[in-house]
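# Close look at the chain arrangement
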Amino acid sequence: FPYTTLFRSTMDAFDNPDPELMKDASQTPDGAAVIFNGEAARGAFYHRAPKALADAAIARLCPDPIAPSVTPMTVTEARWGSLPRAFIECSDDQIMPLSLQRGMQEIFPCDPVITIDSDHSPFLWKPAEVADALDAIAANFAARVGQEA
(Lines give C-alpha, C1' and ligand atoms only; values in the text may rest on other atoms or scores of the structure.)
Protein backbone atom coordinates (compact mmCIF):
# COMPACT_ATOMS: atom_id res chain seq x y z
CA PHE A 1 0.00 0.00 0.00
CA PRO A 2 1.38 3.41 -0.86
CA TYR A 3 0.52 4.90 2.53
CA THR A 4 3.64 7.03 2.52
CA THR A 5 2.33 8.92 -0.52
CA LEU A 6 -0.90 9.73 1.29
CA PHE A 7 0.88 11.04 4.33
CA ARG A 8 3.45 12.90 2.25
CA SER A 9 0.55 14.63 0.47
CA THR A 10 -1.04 15.49 3.79
CA MET A 11 2.25 16.79 5.15
CA ASP A 12 2.79 18.86 2.00
CA ALA A 13 -0.59 20.47 2.55
CA PHE A 14 0.53 21.48 6.04
CA ASP A 15 4.09 22.30 4.98
CA ASN A 16 2.83 24.63 2.25
CA PRO A 17 -0.41 26.00 3.63
CA ASP A 18 -2.32 28.87 2.12
CA PRO A 19 -0.72 31.91 3.82
CA GLU A 20 -4.08 33.64 4.17
CA LEU A 21 -5.59 30.65 5.98
CA MET A 22 -2.58 30.33 8.26
CA LYS A 23 -2.04 34.02 9.10
CA ASP A 24 -3.58 33.69 12.57
CA ALA A 25 -2.61 30.06 13.16
CA SER A 26 0.36 29.17 15.28
CA GLN A 27 2.15 26.17 16.71
CA THR A 28 2.21 25.39 20.39
CA PRO A 29 5.56 26.22 22.06
CA ASP A 30 6.59 22.55 21.88
CA GLY A 31 5.71 22.38 18.17
CA ALA A 32 3.39 19.43 18.76
CA ALA A 33 0.11 21.10 17.78
CA VAL A 34 -1.40 23.84 15.67
CA ILE A 35 -3.77 26.41 17.08
CA PHE A 36 -6.21 28.11 14.73
CA ASN A 37 -7.39 31.37 16.23
CA GLY A 38 -10.34 33.53 15.25
CA GLU A 39 -10.46 34.34 11.58
CA ALA A 40 -7.90 31.68 10.69
CA ALA A 41 -10.28 29.04 12.05
CA ARG A 42 -13.25 30.62 10.29
CA GLY A 43 -11.41 30.69 6.97
CA ALA A 44 -10.01 27.18 7.34
CA PHE A 45 -12.98 25.32 8.76
CA TYR A 46 -16.19 27.35 8.83
CA HIS A 47 -16.18 29.92 6.03
CA ARG A 48 -19.68 28.93 4.84
CA ALA A 49 -21.28 28.16 8.19
CA PRO A 50 -23.68 30.67 9.71
CA LYS A 51 -21.73 33.16 11.85
CA ALA A 52 -23.33 32.14 15.15
CA LEU A 53 -22.51 28.45 14.58
CA ALA A 54 -18.97 29.26 13.44
CA ASP A 55 -18.42 31.55 16.45
CA ALA A 56 -19.59 28.80 18.83
CA ALA A 57 -17.31 26.25 17.19
CA ILE A 58 -14.32 28.60 17.21
CA ALA A 59 -14.83 29.24 20.93
CA ARG A 60 -14.47 25.48 21.55
CA LEU A 61 -11.35 24.85 19.47
CA CYS A 62 -8.28 23.50 21.18
CA PRO A 63 -4.75 22.75 19.91
CA ASP A 64 -4.80 20.19 17.08
CA PRO A 65 -1.97 17.62 17.37
CA ILE A 66 0.30 17.47 14.34
CA ALA A 67 1.66 13.93 14.82
CA PRO A 68 -1.42 12.04 13.54
CA SER A 69 -1.15 13.89 10.24
CA VAL A 70 2.57 13.35 9.75
CA THR A 71 3.26 9.93 11.25
CA PRO A 72 3.39 7.18 8.62
CA MET A 73 1.32 4.13 9.37
CA THR A 74 1.74 0.58 8.20
CA VAL A 75 -1.28 -1.12 6.69
CA THR A 76 -1.67 -4.35 4.75
CA GLU A 77 -3.88 -5.36 1.86
CA ALA A 78 -5.03 -8.45 3.78
CA ARG A 79 -6.28 -6.51 6.80
CA TRP A 80 -6.95 -2.79 6.40
CA GLY A 81 -7.09 -3.09 2.64
CA SER A 82 -9.94 -5.58 2.79
CA LEU A 83 -12.23 -3.24 4.75
CA PRO A 84 -14.87 -1.29 2.88
CA ARG A 85 -14.11 2.42 2.72
CA ALA A 86 -16.34 5.37 2.02
CA PHE A 87 -15.48 9.02 1.61
CA ILE A 88 -17.56 12.11 2.23
CA GLU A 89 -15.82 14.89 0.37
CA CYS A 90 -16.48 18.56 0.99
CA SER A 91 -16.46 20.46 -2.27
CA ASP A 92 -15.48 23.84 -0.81
CA ASP A 93 -13.03 22.73 1.88
CA GLN A 94 -10.32 25.35 2.27
CA ILE A 95 -7.98 23.48 4.61
CA MET A 96 -8.15 20.18 2.71
CA PRO A 97 -8.89 21.13 -0.91
CA LEU A 98 -10.90 18.81 -3.11
CA SER A 99 -7.74 17.95 -5.08
CA LEU A 100 -6.11 16.63 -1.87
CA GLN A 101 -9.27 14.74 -0.92
CA ARG A 102 -9.38 13.12 -4.35
CA GLY A 103 -5.68 12.30 -4.14
CA MET A 104 -6.42 10.36 -0.96
CA GLN A 105 -9.21 8.54 -2.76
CA GLU A 106 -6.85 7.58 -5.60
CA ILE A 107 -4.45 6.01 -3.13
CA PHE A 108 -7.17 4.32 -1.10
CA PRO A 109 -10.19 3.85 -3.37
CA CYS A 110 -13.53 4.38 -1.66
CA ASP A 111 -17.01 3.26 -2.58
CA PRO A 112 -19.22 5.13 -2.20
CA VAL A 113 -17.87 8.65 -2.50
CA ILE A 114 -20.43 11.25 -1.52
CA THR A 115 -19.92 14.94 -2.17
CA ILE A 116 -21.41 17.59 0.07
CA ASP A 117 -21.37 21.21 -1.08
CA SER A 118 -19.73 22.48 2.07
CA ASP A 119 -16.69 23.83 3.79
CA HIS A 120 -14.60 21.59 6.07
CA SER A 121 -17.37 21.29 8.66
CA PRO A 122 -20.67 20.16 7.15
CA PHE A 123 -21.55 18.44 10.44
CA LEU A 124 -21.83 21.92 11.96
CA TRP A 125 -24.25 23.53 9.54
CA LYS A 126 -25.52 20.73 7.30
CA PRO A 127 -26.16 17.94 9.82
CA ALA A 128 -29.09 16.47 7.89
CA GLU A 129 -26.93 16.08 4.75
CA VAL A 130 -24.18 14.43 6.78
CA ALA A 131 -26.72 12.09 8.40
CA ASP A 132 -28.17 11.23 4.98
CA ALA A 133 -24.66 10.53 3.65
CA LEU A 134 -23.84 8.28 6.60
CA ASP A 135 -27.15 6.47 6.16
CA ALA A 136 -26.38 5.90 2.47
CA ILE A 137 -22.93 4.59 3.33
CA ALA A 138 -24.36 2.21 5.94
CA ALA A 139 -26.97 0.95 3.46
CA ASN A 140 -24.28 0.46 0.82
CA PHE A 141 -22.08 -1.52 3.20
CA ALA A 142 -25.03 -3.58 4.48
CA ALA A 143 -26.02 -4.48 0.93
CA ARG A 144 -22.50 -5.68 0.22
CA VAL A 145 -22.47 -7.86 3.33
CA GLY A 146 -25.81 -9.34 2.20
CA GLN A 147 -24.34 -10.12 -1.22
CA GLU A 148 -21.31 -11.85 0.30
CA ALA A 149 -23.41 -14.16 2.49
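Residues numbered from 1 in each chain as written. Predicted model: local features only at pLDDT ≥ 70, side-chain atom pairs only at ≥ 80, totals over all residues. Heavy atoms only, no water.

## What to know about the environment of A57
Quick note on the threshold: Every helix listed is a DSSP run of H or I at least four residues long, and every strand listed is a run of E at least two residues long, numbered separately from the N terminus. Using a 1.4 Å probe on the protein chains alone, a residue whose accessible area is under 20% of its type maximum counts as buried, one over 50% counts as exposed, and one in between counts as partly exposed.
Tracing the chain through its elements places A57 in helix α4 (residues 51-59). The exposure class assigned to A57 is buried, which follows from its relative accessible area of 15%. For A57 and S121, which are 64 residues apart along the polypeptide, the C-alpha to C-alpha distance reads 9.9 Å.

## A closer look at the sheet that holds strand β1 (residues 25-27)
Applied cut-off: If DSSP finds at least two bridges between two strands, the strands pair. Contact criterion: two residues are considered in contact whenever any of their non-hydrogen atoms come within 4.5 Å of each other. Between N-to-C directions, angles span 0 to 180 degrees; the directions come from axes that are lines fitted to C-alpha atoms, helices contributing only their stretch in contact.
The three strands lie next to each other as β1-β2-β3, forming an open sheet whose pairing is antiparallel. Edge positions in the sheet fall to β1 and β3 (64-65), since each of these pairs with one other strand and no more. Relative to strand β2 (residues 33-36), helix α3 (residues 38-45) is tilted by about 100°, and along the sheet it contacts β1 and β2.

## Description of the pattern of salt bridges
Worth spelling out the cut-off: We count a salt bridge whenever a side-chain nitrogen from Lys or Arg sits within 4 Å of a carboxyl oxygen from Asp or Glu.
Within this structure, the stated rule accounts for eight salt bridges. The shortest N-O distance in the salt bridge between D55 and R42 comes to 2.5 Å. Of this pair, D55 sits in helix α4 while R42 sits in helix α3; the two residues are 13 residues apart in sequence, bridging distant segments of the chain. A relative accessible area of 18% places R42 in the buried class. With a shortest N-O distance of 2.8 Å, D117 and R48 are connected by a salt bridge. One end of the pair, D117, is in the loop between β5 (113-116) and α7 (122-125); the other, R48, is in the loop between α3 and α4, with 69 residues separating them in the sequence. Classification of D117 by relative accessible area gives partly exposed; the value is 42%. Its relative accessible area of 28% is what places R48 among the partly exposed residues. One salt-bridge network, in which partners are shared between bridges, spans E39, R42, K51 and D55.

## With respect to the packing of aromatic side chains
Applied cut-off: For Phe, Tyr and Trp, where Trp contributes only its six-membered ring, two rings pair if their centres lie within 6.5 Å, and the inter-plane angle classes them as stacked under 30 degrees, edge-to-face over 60, or tilted in between. Note on criteria: charge over ring means Lys NZ or Arg CZ within 6 Å of the ring centre, with the direction from the centre no more than 35 degrees off the ring normal.
A full pass over the atoms with the stated rule returns three aromatic pairs. Measuring from centroid to centroid gives 4.7 Å for W80 and F108, while their planes differ by 85°, and the two rings are edge-to-face. Of this pair, W80 sits in the loop between α5 (67-70) and β4 (87-90) while F108 sits in the loop between α6 (98-107) and β5; the two residues are 28 residues apart in sequence, bridging distant segments of the chain. The structure contains a cluster of three or more aromatic residues connected by ring pairs, namely F36, F45 and Y46. Here R85 stacks its cationic end above the ring of W80, 4.7 Å away from the centre of that ring.

## Observations concerning the nonpolar core
Across soluble globular proteins, nonpolar side chains have a tendency to be buried as a group. Our working definition: Here, nonpolar core means buried Ala, Val, Leu, Ile, Met, Phe, Trp, Tyr and Cys residues that are tied together by side-chain atoms lying within 4.5 Å of each other.
Counting residues in each nonpolar core, the largest one holds 18 residues, and the members touching the most others are F36, A41, F45, Y46 and I95. Only β2, α3, α4 and α6 provide two or more residues apiece to this core. Ranked by the residues each element gives to this core, the list is headed by α3, at four residues. Counting five residues, the second largest nonpolar core, distinct from the first, contains I114, I116, V130 and A133.

## Observations concerning α4
Definition in use: Within this analysis, the arc is defined by the directions that extend from the helix axis to the C-beta atoms.
Of the positions making up α4, those classed as buried are A54, A57 and I58. The buried residues of α4 occupy an angular sector of 100° when the element is viewed end-on, so they sit on one face. Those residues of α4 that are exposed and angled more than 90 degrees off the buried face are A52 and A59.

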